[in-house]
Amino acid sequence: MEEIINLATSQKRLKVILNIIFVGGISCWIFQKAYFEFHVIPLDDINGIFFFFAQGHFFIPFAIFLGVWLITAWLRVLLFQIPNVVLSNTVGKHIVDLYVFINAHYKSDRIKELYQDLASKIKNSRPMDLYGKTLLVHRQQEYDYTLILRAFIAMIIYFQQLPYFGYTALLLAFSVLFYFWCSQVINYQLAYVTPQLIEKIKEIAESGHDIRSSITDKSPQ
């Protein structure tokens, strides 16, 4: 679980910068399509910067940027959060019973001894702490998926705008993004299953019964 958390929360500053870059790129493309071509005001043009804000020229670009940021965040809920919650509730909860069933019925005696040893070591664990860490991982995975979604949209825009951004670059970018998307889904599900698995082992350890008899009634059909 700690490794999953470290992976999920790593490179926060870089992710923030990439989010701003991708959302900014998407916003610029929308503004140019909807209004006109624009030029960036030089930093030494104090009067230009002043009138850009004082006369309200910033409002439309800022509104577009904010709209892109919020819409992509909402799409995260629709395309990632809801499907993963459904997957966890329909498939993930059965992984725990299947894992325990296989270890109890089909593994060697040595594996069962290791299983019992693990159960004895986590008797004093606190499941609520694990569930709190699960929520932390899930939240970070959702934020990371938003970055992947924004990058995906930005790559399509780059493909349309940049003549040297060809099919090879697009395919490579999509392959990398798909890899990271799969990683988010796997880590999301692992974070869901891990505390349930540990709680199951803790329950068996505290019951004092044999593993086989503890799960016979809950074995998969």
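Residues numbered from 1 in each chain as written. Predicted model: local features only at pLDDT ≥ 70, side-chain atom pairs only at ≥ 80, totals over all residues. Heavy atoms only, no water.

What to know about the overall build of the protein
The helix and strand inventory of the protein stands at eight helices and zero strands. Listed N to C, the secondary structure of the protein is α-α-α-α-α-α-α-α in terms of helices and strands. Within the protein, buried positions represent 33% of all 221 residues. The contacts of the protein with a sequence gap of at least 6 include a subset with a gap of at least 24, amounting to 82%. (Helix = DSSP H or I, 4+ residues; strand = E, 2+ residues; numbered from the N terminus. Buried < 20%, exposed > 50% of the residue type's maximum accessible area, 1.4 Å probe, protein only. Contact = heavy atoms within 4.5 Å.)

A word on the nonpolar core
The tendency in soluble globular proteins is for nonpolar side chains to be buried side by side. Core analysis: the biggest nonpolar cluster contains 16 residues, and Phe22, Ile26, Val68, Met155 and Leu177 have the highest contact counts within it. Counting residues per element, the ones that place at least two in this core are helix H2 (12-34), helix H4 (59-105), helix H6 (127-161) and helix H7 (167-207). Considering every element that reaches this core, the biggest residue donor is H6, with six residues. The contacts of Val68, once residues within four sequence positions are left out, are Val23, Ile26, Ser27 and Ile30. The next biggest cluster of nonpolar side chains, apart from the first, holds five residues, and it includes Phe80, Tyr145, Leu149 and Tyr188. (Core = buried A, V, L, I, M, F, W, Y, C linked by side-chain atoms within 4.5 Å.)

Details of the environment of Val137
With respect to the helices, strands and loops of the structure, Val137 is situated in helix H6. The exposure class assigned to Val137 is buried, which follows from its relative accessible area of 0%. Separated by 47 residues in the primary sequence, Val137 and Gln184 place their C-alpha atoms 9.9 Å from one another.

Comments concerning the pattern of salt bridges
The final tally for this structure, using the stated rule, is one salt bridge. Ionic pairing is found between Lys15 and Asp144, a salt bridge with its closest N-O pair at 3.1 Å. Remark: Asp144 occurs in helix H6 and Lys15 occurs in helix H2; sequence separation between them is 129 residues. Both residues of the pair, Lys15 and Asp144, belong to the buried class. (Salt bridge = Lys/Arg side-chain N within 4 Å of Asp/Glu carboxyl O.)

Things to note about H2
Taking 1.5 Å as the rise per residue, H2 with 23 residues should run 33 Å; its terminal C-alpha atoms sit 33 Å apart, in good agreement. Along H2, the residues classified as buried are Lys15, Asn19, Phe22, Val23, Gly24, Ile26, Ser27 and Phe31. (Expected span 1.5 Å × (residues − 1).)

Focus: the side chain of Thr72
You can see Thr72 is positioned in helix H4. Polar contacts involving the side chain of Thr72 include one to the main-chain carbonyl oxygen of Trp69, which spans 3.0 Å. Here Thr72 is in contact with Thr146, Leu149, Arg150 and Ile153, once residues within four sequence places are set aside. (Polar contact = N/O pair within 3.5 Å; in protein donor to acceptor, adjacent residues only side chain to side chain.)

Observations regarding the confidence of the model for the protein
Should the pLDDT be low somewhere, the predicted coordinates at that spot are not to be read in detail. Across the protein, the average pLDDT comes to 78, with 65% of residues at or above 70. Model confidence for the protein, summarised as mean pLDDT per element, is weakest for helix H8 (residues 211-215) at 48 and strongest for H2 at 93. In the model, residues 211-221 has pLDDT below 50 throughout and makes 23 contacts with residues more than four positions away in sequence or in other chains. (pLDDT = per-residue confidence, 0-100.)

A word on a nonpolar patch on the surface
On the surface, Tyr35, Phe36, Phe38, Val40, Phe59 and Ile60 cluster together into a nonpolar patch covering about 630 Å² of accessible area. Within the secondary structure, Val40 is located in the loop between H2 and helix H3 (46-54). The class of Val40 is exposed, set by a relative accessible area of 70%. (Patch = residues over 30% accessible without salt bridge, like charges linked within 9 Å, V, L, I, M, F, W, Y side chains within 5 Å. Areas by Shrake-Rupley, 256 points an atom, 1.4 Å probe, with all protein chains shown as cover.)

As for the side chain of Arg150
Examined against the element boundaries, Arg150 turns out to sit in helix H6. Although Arg150 is buried, it makes no salt bridge; Asp144 carries the closest opposite charge, 9.6 Å away. Residue contacts for Arg150: discarding those within four places in its chain leaves Asn19, Phe22, Val23, Ile26, Trp69, Thr72 and Ala73. (Lys, Arg positive; Asp, Glu negative; His and termini not counted.)

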